[in-house]
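Remarks on the overall topology
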Amino acid sequence: MPDPKAQIQAILNDLPDSALQDLLAALQGAPSTAATTQLNLGGKGYQVMVQGGTAYIGDQLNVDAAMLEAVLNKLITERQQSTVSGIPNNLPRSGAVEFVGRETDLANLHIQLHQTNCVAITAVRGMGGIGKTELALRYALHHRNQGTYPSGICWLQAKEQDIGTKIVNYAIDQLGLNVPTDIDLSRQAQFCWRNWPGDSDVLVVIDDVSGPDDNAAYAAIKPYLPPQETRFWVLLTTRLQLGTSIQTVPLDVLSEAASLDLLRSLVKAERVNRELDTAQQLCHWLGYLPLGLELVGRFLARKPRWTLAKMQQQLEEKRLAAKALCQAQSDMTATHESLTAAFELTWQDLDEPVQELAYRLCLFALAPIPWPWIEAWYDDIDTDELDEWRDEGLVNHSLLS
Ligand SMILES: Nc1ncnc2c1ncn2[C@@H]1O[C@H](COP(=O)(O)OP(=O)(O)OP(=O)(O)O)[C@@H](O)[C@H]1O
Ligand SMILES: [Mg+2]
């Protein structure tokens, strides 16, 4: 069941410190009688109306004003602690209303990271949207609050820009380092690691390491990685299977219970519980994939009159073209505009012959495929090359197991 406190916290998380302080002051000043205090908060434009003992947040949450006050106090204290402890970080905001499941993955991640120095979160199967970035983000947020990495948490988006530039920007903005500009970028990055202020641990997250194959993807980040066996702990997320020297935490789709909780966190819990059988079928239809569940949950939240059965019917009829799967919202952690776009991204990473091999394999039933049949089909192609398309292309992109 979604925790109402977690729901309020997820909304308040997005608001700036000043808005939280304003709301707390208004709550504390509001008489417990019928008087009304109305606030329009922060960049997200949340409307909060406090009337007697009830707070109305946006148009979806009615909560006890005392509970809102308690959550606010906790959040403000946490933020103050994070500022007081002075842990430099540039963590992005999570768009998940509630982070569900993954308790074991979080624990494993910490153990494995501290056994090796560098760990990659990968997907057990399929496509993007399984929750690699969200898991890395939750890990980093949790350990920021715990103070596990006192000398900083550095979040680097591998895709957008050269990560060397990002490391240098972080060092300048967050650490006040004076980075020499007359040396090449990889040496500038190494300068940053060597001169990183403090002597405690640092967490470096490199999100979405990608490329046409694992070698190219790893080669692109390698010159910028911190020296091994130091106080730097490196966490990667990737759709690829990187080299064997890099430990992986393979992530699977959510359990049914966690999938239902994800839906409940977005749609009113009563609505899910009222049609529990259909909700279970929906989760199954969506392959328990967090991205699909989130898209459908957010769509249902915008359609309060829709039954889950109607949603299911629409998905059955329109499949990936269903509106629910094509209308991502900008506050989501995921950056895809649709489920198809998430799939496309993995697909575009593949070379043409590998795509063709995938088409051919799609003609087979969902059962083990004897490889000699495929070799016979490709009698003009060297078997080593064919093996490489299969392993480097399809297996490494988690499209085949
Ligand atoms: N455990 C979870 N609880 C709640 N929401 C989740 C969870 N895991 C993932 N999500 C949500 O699902 C969406 C997809 O997750 P995410 O972006 O982390 O996938 P990904 O594996 O990094 O995908 P890609 O390979 O495309 O980068 C996000 O919007 C995220 O907030
Ligand atoms: Mg990601």
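For the structure, check the block above.
Residues numbered from 1 in each chain as written. Chains lettered and ligands numbered in written order. Predicted model: local features only at pLDDT ≥ 70, side-chain atom pairs only at ≥ 80, totals over all residues.

Moving on to the overall build of the chain. The secondary structure content of the chain amounts to 17 helices and nine strands. For a compact globule of 401 residues, the expected C-alpha radius of gyration is about 21 Å, and the chain comes in at 24 Å, within 12% of that figure. When the backbone C-alpha atoms are referred to their principal axes, the chain occupies close to 85 × 60 × 30 Å. Counting only residues that meet the buried cut, the chain has 34% of its 401 residues in that class. (Helix = DSSP H or I, 4+ residues; strand = E, 2+ residues; numbered from the N terminus. Rg over C-alpha atoms; globule rule 2.2 N^0.38 Å. Buried ≥ 20, exposed ≤ 12 C-beta atoms within 10 Å, placed from the backbone.)

Residues Gln-188, Ala-189 and Cys-192 constitute the buried set of helix H7 (residues 185-194). On an axial view of H7, the arc spanned by its buried residues comes to 100 degrees, and they lie on one face. Here the buried face of H7 lies against helix H6 (163-175). (Arc of directions from axis to C-beta. Contact = placed C-beta atoms within 7 Å.)

The subject of this paragraph is the site of ligand 1. Taken together, 24 residues lie around ligand 1, and Gly-128, Gly-131, Thr-133, Pro-290 and Ala-334 are the ones closest in. Classifying every residue of the shell around ligand 1 gives 10 nonpolar, eight polar and six charged. Here the shell around ligand 1 gathers at least three residues from each of two domains, domain 2 (103-251) and domain 3 (256-340). (Near = placed C-beta within 6 Å. Nonpolar A, V, L, I, M, F, W, Y, C, P; charged D, E, K, R; others polar. Domains from an automatic or database assignment.)

Our next topic: helix H11 (residues 276-285). For H11, the complete set of buried residues consists of Ala-279, Leu-282 and Cys-283. Buried residues along H11 cover an arc of 100 degrees about the axis, so they all sit on one side. Across H11 from its buried face, at more than 90 degrees, point the exposed residues Asp-277 and His-284. Looking at the buried side of H11, the elements it contacts are helix H9 (256-266), helix H10 (269-274), helix H12 (290-302) and helix H13 (308-318).

On to the sheet that holds strand E9 (residues 247-251), then. In spatial order, the strands read E6-E7-E8-E5-E9; together these five strands make up an open sheet with parallel pairing. The open sheet has two edge strands, strand E6 (153-157) and E9, and neither has a second partner. Each adjacent strand pair in this sheet contributes to an overall mean axis angle of 20 degrees, direction not counted. By the bridge criterion, five bridges tie strand E5 (residues 118-123) to E9 in an arrangement that is parallel. Note on E9: the bridge partner recorded for Thr-122 is Pro-250. In the packing of helix H4 (residues 103-116) onto the sheet, the strands contacted are E5, strand E8 (232-238) and E9, and the crossing angle to E9 comes to about 170 degrees. (Pairing = 2+ DSSP bridges. Axes fitted to C-alpha atoms, helices over the stretch in contact; angles between N-to-C directions.)

Our next topic: the nonpolar core. In terms of nonpolar packing, the biggest core is built from 82 residues, with Val-204 and Ile-206 touching the most fellow members. Here this core spans two domains, since at least three of its residues come from each of domain 2 (103-251) and domain 3 (256-340). Within the second largest apolar cluster, 12 residues are counted, among which are Ile-8, Leu-15, Leu-20 and Val-50. (Core = buried A, V, L, I, M, F, W, Y, C linked by C-beta atoms within 7 Å.)

Put simply, H9 and H11 touch, their axes get as near as 10 Å, and they point 105 degrees apart. In this view, H9 runs roughly perpendicular relative to H11, as classed from their interaxial angle. Only Ala-279, Gln-280 and Cys-283 of H11 make contact with H9, whose side of the interface consists of Glu-256, Ser-259, Leu-260 and Leu-263. Split into classes, the residues belonging to the contact of H9 with H11 amount to four nonpolar, two polar and one charged. (Parallel < 35°, antiparallel > 145°, perpendicular 65-115°, else oblique.)

On to unusual backbone geometry, then. Its identity is not glycine, yet Asn-117 carries a phi of approximately 115 degrees, on the positive side. If you trace the backbone, Asn-117 turns up in the loop between H4 and E5. Of note, the phi angle at Asp-208 is positive, near 65 degrees, even though the residue is not glycine. Given 20 C-beta atoms within a 10 Å radius, Asp-208 is considered buried.

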